[in-house]
Every structure is written in structure tokens, then in C-alpha cells.
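Below, each chain spelled out in residue letters.
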Amino acid sequence: MSTSSSTVAVVGAGIAGLSAAIRLAVAGKKVIVFEQNLYTGGKVTAFEENGFRFDMGPSLFTLPYLVDELFELAGRNPREHFNYHTHDEVCRYLWDDGTKLTMYPSLDKNEAAVASVFGATEAEKLRDYFEQARVKYDLTAPFFLEKSLHRASTFLTPAVVKVLKEIPKLGLFSTLHEENEKVFNAPKLVQLFNRYATYNGSSPYQTPGIMQMITHLEHSLGTHFPVGGMHEISQSLTRLAQELGVRFELGTRVEEFIIAQNSITGLVAGGKKWAVDQLVCNTDVKHAYKYLMPEKVKRPKKTLQQEPSSSALIFYWGLSAQFPQLDLHNIMFSENYETEFKHIQSDGPFWEDPTVYIHISNRLEPNDAPKGKDSWFVMVNTPYDQGQDWDMIVPMVREKVIERISRVLGTCIEPLIEMEQVLRPQDIEQRTSSVGGALYGTSSNDRMAAFLRHSNKSNSIKGLYFCGGSAHPGGGVPLCLLSGKIASEWLIEDE
Ligand SMILES: Cc1cc2nc3c(=O)[nH]c(=O)nc-3n(C[C@H](O)[C@H](O)[C@H](O)COP(=O)(O)OP(=O)(O)OC[C@H]3O[C@@H](n4cnc5c(N)ncnc54)[C@H](O)[C@@H]3O)c2cc1C
């Protein structure tokens, strides 16, 4: 039987693995994190070239309290180890026809901005829209995001009965697009709020209306950006884990989980056998079942049939000029959003009319680019990798992206690109083992997706737990931090 000083292996030093490792170390466990890369953070990593610094993965940071909570749990003042800017703009939206709209984490400012572009009638709808988003978030987050969906105890509370009564308000039976169309008449506003489906790699034409809750995070709870960039999230958590005694085995790929009598007893990593009492798996669950689990382990069929979320193509461009008309986050929308998503979903020619996201970290972190220059993270959503010919696709996407940006800014930007790196879906898979290079694990393209996502605990193997984007509650930095929390708390309770 395990004791309080039992050894727990965490497989993968992604953001969820770090969250689980810290919580387990605080609870007195001996924790070893096995990471195939020579760095921690998984998708939350960064690089520098020619004086430009880029966060390679996430750029949108919500719910910073979830990072703070880990420092507080370890008895530290988070502000001495991790800090963040609170920004006064959510995003700048730009369309080919010259329409521009800036959104803010302030209802008053949003009403004024929307009134000036789309008229007072549209602006008056914002208050109700954000209130609906708040209700959806407040009703569901404590149960469906912060707790396991696979434990009876989550459902056996009087508060859940209240949620069940409110089901008609949650938008479970309509799509996000349908919910947005019910509220707004201006197609560009519908498009703007449809965009929130991409925060979990889904299509607004398929993901349920409950995803409206995501707008509440940025518009009402604030828009933030870590001091030092997104990479500081994974780096500060790695430092905290090390201070707590967590051992990191970097450059050590886990090859197999060792299971005896339906219990985890160890793993094979770096060509060696390691005895462990429990294992928290932070790799993509499809990858884990395919490559790491012995044949005899029962596969959760429906879960493994879930479609991966969308992926992305990212151009990291060091620009020889600055564009003050762009802020930290900018979106240049496609002309036909529905067709764009149909193409992303069906592996069609998504590059013909791509929505372009530009993130410029040096707006808040001036050292991220040389003086007078800009460090651009330029991303388009793509299907997950299914063996497409990316060598052919990347130049076509690049051309369309440059055309759109140049049209919107009224300047040909191509000659200004002085350095470039590209990240493709298969690069994301190769670096993190996320199947198809999915950004967010599995997609949320149907209302049952949340229930079919993998549980945070194996129901057939004792001592095996799961966290990360492909486990409950899903992808994105905040949810991954929560999945590490749910998995580690379950492990501790089981003892
Ligand atoms: C380009 C991009 C943009 C994104 N934008 C945002 C955003 O703006 N906001 C947001 O919140 N989220 C965003 N995301 C999603 C977010 O980054 C992820 O959901 C989250 O970081 C995933 O964390 P994770 O814990 O699931 O692990 P991952 O980051 O997937 O890491 C898993 C780790 O496990 C390791 N591993 C896998 N297999 C093995 C093995 N066999 N042995 C040892 N180690 C192994 C991998 O090397 C990796 O380090 C974005 C992602 C990408 C790629």
C-alpha cells in the first residue's frame, strides 16, 4: 500500500503536469517529472532570434488566479515569483472593408465602441450578452470545469440541482453561432463573438452556445499578460516545483507504463525501469493508449474516437518597422467565416480566405523586439494534421496572410519581414506528442464532448491519473491548470 511518501511519476512537463507536480509535492509526495524535451512547459515555450523574442504557443492569458493559487498553496507570495500586466484592451478587430473595432475589459467602453461602429441598438445588447455569459460561467465552472465529471460526488450536491434547473439558459441545444445571431443583427458582431469557439479549437457553427461563457473571462474578468511573456508561466512554475523538491528528468522519453494486477507499478523511460506507486499522465491520451499502455489495458473506445481540436500555422516574424495601429492582440477577419470553418473541419482549402491573428508581445514587453521594430506572432487556424502536403500549403497560406495584412494596413508588409520561423501542425505534434498537432486536445464540436473527454482517473488501472488538454476539463492554459488540480486532488484523496 502507498504511504504519504509514495513516489508519483508525472509523464510530461506541460502546464497541467507542472500543476499536478506542484500540488503533489506540497502534499508530501516524492515527485519525478519525465519530459522528453530538454525544456519544460510543452506548448508554453519560447525562442529568441536576432533580438526578437517570441512565445511559441499561447498568447491569451485568462484567469491568472489559477497560477497564483499554486504559489499560495506552497506558502509563497505569487507576486514575488510571477507577475502580470492587466491590459486595458481585449483585442483590435479589423476587416478588409476598413471597419475597425477595439473591444475592452469594460462594458462602458465596449458600449461606446460598438455604438460608434454598429449603432446604438447593437451596443444596447452588450449588457445582456455579457450578463448571459456570466450566468453561464458562474453556473457551470464550479461543477463542470473545477471538478471531475466522472465522480458521483460532483453531482450529489444541492447546487447541481440548481444548475440542472437552469439547463435551458445554458445554450446546450444550440450552437454558439445561433446564440450570437439571436442577439446581434450586425454580421460582423456575430463573427466577432463567434471567434470565441477558437479558444478551445472548435467551430462556432458546431460548438454549443454555452461557449459564450468564454467572453466573460476577457471582457469581465480582465485581460492579462505575464511579465516576461507567456513563457514565464511555465518557467516560474518549474522553478517553484524545483524548490519543492520535484525532480525533473529532462530529455527522458517515457516508453511504457508498467502495469501489474491492474495497478501501476512503474514505467520505462530513457531505457531504464523506474518503480513508482502512481502515475499522472500529461501526454495526449490518444498517444498514451497507442504507444505507452500495454495491449491488455482496456481502451475507452468512445473517448478515443473523439476528434482532435483544430491546429494552427504560426509565422514568427521579426518586422523592421512598428505598426502602432496594432495592439497586443489583433484579428483580421475573413470575408466568409462559415466557409473558413467548413474548410477547417473538412480539411478543405482553409487558406483561401483565412482569418489572421497577430499577437505583438513587445506592446507590453518592449524588450521582445529591437527598438523601432515589432515581434509578430501571426497565426491562422488549420485542420489538425492528417498527412496533408504542408510544403505546398504553407507558401499558399503565407501569401494569403501577407495579402490580407497588407490590405488592412495599407502597406505591403513582405519587405519588412527581416526574420521568419514557421510552426506547422506536425511540428506541434513532434514537439509535444499532441495527436495531429491539436492545440487543445479534443474539440468541443458537439454538446457531449465535455462528457466524452477522458476522465482524470483511469477506471481500470489503479494508480493511473490523467491531466492535460485531452483530459477533463480540456485545453487552454487555465483548464490545463485545473486538470492538474483535479487529477492530483483525486490521487491524494484515494490514499
Ligand atoms: C500555437 C498555440 C497557440 C495557443 N494559444 C493559446 C492561448 O492563446 N491561450 C491558451 O490558454 N491556450 C492556448 N493554446 C493551448 C495551450 O497551449 C495548451 O492547451 C496547453 O499548453 C497544453 O498543456 P498540456 O498540459 O496539455 O501539455 P502540453 O503542452 O501538450 O505538453 C505535454 C508534454 O508532455 C511531453 N510528453 C509527451 N509524451 C511524452 C513521453 N512519452 N515521455 C515524456 N514526455 C512526454 C511533451 O514533450 C510535452 O512537454 C495554444 C497552443 C498552441 C500550440
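Preceding this section is the structure that the text describes.
Residues numbered from 1 in each chain as written. Predicted model: local features only at pLDDT ≥ 70, side-chain atom pairs only at ≥ 80, totals over all residues. Heavy atoms only, no water.

K.L.:
Would you mind showing me how to read the overall build of the protein chain here?
P.N.:
Secondary structure summary: the protein chain contains 18 helices and 19 strands in total. A globule of 495 residues ought to have a C-alpha radius of gyration of about 23 Å, and the protein chain, at 22 Å, matches this closely. Its C-alpha atoms give the protein chain principal-axis dimensions of about 65 × 55 × 45 Å. A fraction of 71% describes how many contacts in the protein chain between residues 6 or more apart in sequence connect residues 24 or more apart. When the accessible area of the protein chain is evaluated, it comes to approximately 19600 Å², of which 51% is carbon and sulfur surface. Taken together, the 49 basic and 59 acidic charged side chains of the protein chain have centroids lying 6 Å from each other. (Helix = DSSP H or I, 4+ residues; strand = E, 2+ residues; numbered from the N terminus. Rg over C-alpha atoms; globule rule 2.2 N^0.38 Å. Contact = heavy atoms within 4.5 Å. Areas by Shrake-Rupley, 256 points an atom, 1.4 Å probe, with all protein chains shown as cover. Lys, Arg positive; Asp, Glu negative; His and termini not counted. Charge placed at Lys NZ, Arg CZ, Asp CG, Glu CD.)

K.L.:
What's the story with the state of the cysteines in this structure? I'm lost.
P.N.:
Here a disulfide denotes one covalent bond, and it connects the sulfur atoms of two cysteines. For the coordinates displayed, the defined rule picks out zero disulfides. With no disulfide of its own, cysteine 281 lies 7.5 Å from the sulfur of cysteine 467, the closest cysteine sulfur. (Disulfide = S-S within 2.5 Å.)

K.L.:
What am I meant to see in the nonpolar core here?
P.N.:
Across soluble globular proteins, you tend to see nonpolar side chains buried next to one another. Within the largest apolar cluster, 129 residues are counted, with the highest numbers of intra-cluster contacts made by Phe193, Leu237, Val280, Trp317, Trp376 and Ile405. In terms of nonpolar packing, the next biggest core, distinct from the first, is built from 24 residues, Trp274, Leu279, Leu464 and Ala471 among them. (Core = buried A, V, L, I, M, F, W, Y, C linked by side-chain atoms within 4.5 Å. Buried < 20%, exposed > 50% of the residue type's maximum accessible area, 1.4 Å probe, protein only.)

K.L.:
Would you explain the packing of aromatic side chains in this entry?
P.N.:
Given two aromatic rings, one states the distance between the centres and the angle between the planes to describe the pair. Counting across every chain of the model gives 27 aromatic pairs. The rings of Tyr93, Trp95, Phe118, Tyr205, Phe333, Tyr337 and Phe341 are connected pair by pair, giving a single aromatic cluster. The positively charged end of arginine 195 is found above the aromatic ring belonging to tyrosine 196, 5.4 Å away from the centroid. (Phe/Tyr/Trp six-rings, centres within 6.5 Å; stacked < 30°, edge-to-face > 60°. Lys NZ or Arg CZ within 6 Å of the ring centre and 35° of its normal.)

K.L.:
Teacher, can you tell me more about the pairing of strand S16 (residues 356-360) here?
P.N.:
The two faces of the sheet receive side chains in turn, since in a regular strand these alternate between them. The buried fraction of S16 is high, at five of five residues. Burial of S16 is two-sided: the residues Val356, Ile358 and Ile360 facing one way and the residues Tyr357 and His359 facing the other way are all buried. Direction of pairing for S16 relative to strand S17 (residues 374-382): antiparallel, over a ladder of four bridges. Paired with isoleucine 360 across the bridge in S17 is tryptophan 376. (Pairing = 2+ DSSP bridges.)

K.L.:
Is there a simple way to think about the sheet that holds strand S11 (residues 263-269) in this case?
P.N.:
Adjacent strands of a sheet pair through backbone hydrogen bonds, lying either parallel or antiparallel. The strand order across the open sheet built from three strands is S10-S11-S12, with neighbouring strands paired in antiparallel fashion. Where the open sheet ends on each side, the last strands, each with one partner, are strand S10 (254-260) and strand S12 (272-275). Strand-to-strand twist in this sheet, taken as the mean axis angle between neighbours without regard to direction, amounts to 30°. Pairing between S10 and S11: six bridges, direction antiparallel. (Axes fitted to C-alpha atoms, helices over the stretch in contact; angles between N-to-C directions.)

K.L.:
What is the right way to read the packing of helix H2 (residues 65-73) against helix H18 (residues 477-494) from this model?
P.N.:
Running from amino to carboxyl end, H2 crosses H18 at an angle of 35°, the nearest separation of the two axes being 9 Å. Along the contact surface, H2 presents Leu66, Val67, Glu69 and Leu70, while H18 presents Pro478, Leu481, Leu482 and Lys485. Grouping the amino acids of the contact of H2 with H18 by side-chain chemistry returns six nonpolar, no polar and two charged. (Nonpolar A, V, L, I, M, F, W, Y, C, P; charged D, E, K, R; others polar.)

K.L.:
Help me understand helix H3 (residues 107-118), please; the structure alone is not making it clear to me.
P.N.:
Since one α-helical turn is 3.6 residues long, residues separated by three or four positions face the same way. End to end, H3 covers 16 Å across twelve residues, agreeing with the expected 16 Å (1.5 Å per residue, within 8%). Residues of H3 that are buried sit in contact with strand S7 (100-103), helix H4 (120-124), helix H5 (126-145), helix H9 (187-194) and helix H10 (213-221). Where H3 ends, the next residue or the one after it, glycine 119, has phi of about 100°, a positive value. (Expected span 1.5 Å × (residues − 1).)

K.L.:
I would appreciate a short explanation of the site of the ligand in the present structure.
P.N.:
Among the 37 residues in the neighbourhood of the ligand, the closest are listed as Glu35, Lys43, Gly469, Gly476 and Val477. Side-chain polar atom of serine 433 to a nitrogen atom of the ligand: 3.5 Å apart, as the coordinates give it. If the ligand stood free it would expose 1000 Å²; the protein chains cover 96% of that surface. Breaking the shell around the ligand down by element, the ones donating at least two residues are helix H1 (15-26), strand S2 (30-35), helix H16 (425-432) and H18. Element by element, the count of residues in the shell around the ligand is highest for H18, at three residues. Its residues assigned to classes, the shell around the ligand shows 15 nonpolar, 18 polar and four charged. (Near = heavy atom within 4 Å. Polar contact = N/O pair within 3.5 Å; in protein donor to acceptor, adjacent residues only side chain to side chain.)

K.L.:
What's the story with the side chain of threonine 7 in this structure? I'm lost.
P.N.:
Here threonine 7 lies in strand S1 (residues 7-11). For threonine 7, a relative accessible area of 12% puts it in the buried group. Look past the residues within four positions of threonine 7 in its chain and what remains in contact with it is Lys30, Ile32, Ala275, Val276, Asp277 and Gln278.

K.L.:
Got a minute to help me understand the side chain of aspartate 55 in this structure?
P.N.:
On the secondary structure map, aspartate 55 appears in strand S4 (residues 52-55). Within the local environment of aspartate 55, its side chain forms a polar contact with the side chain of arginine 53, the two groups lying 3.0 Å apart. Within the structure, aspartate 55 has its side chain in polar contact with the backbone nitrogen of methionine 230 (distance 2.9 Å). Once residues within four sequence positions are removed from consideration, aspartate 55 is found in contact with Thr45, Ala46, Phe225, Gly229, Met230, His231, Tyr316 and Phe377.

K.L.:
When you look at unusual backbone geometry in this model, what are you seeing that I'm missing?
P.N.:
Most peptide bonds are trans, and most residues other than glycine sit at a negative phi. For the peptide bond that leads from histidine 472 to proline 473, omega is 0°, which places it in the cis range. Notably, serine 433 is not glycine yet its phi reads approximately 65°, a positive angle. Among the structural elements, serine 433 can be located in the loop between H16 and helix H17 (449-452).

K.L.:
Please explain the pairing of strand S3 (residues 46-49) as it appears in this structure.
P.N.:
With four bridges joining them, S3 and S4 adopt antiparallel strand pairing. Its bridge partner being in S4, alanine 46 is matched across the sheet by aspartate 55. In this structure, the hairpin formed by S3 and S4 is closed by a connection of two residues, where asparagine 50 is found at a positive phi of approximately 50°.

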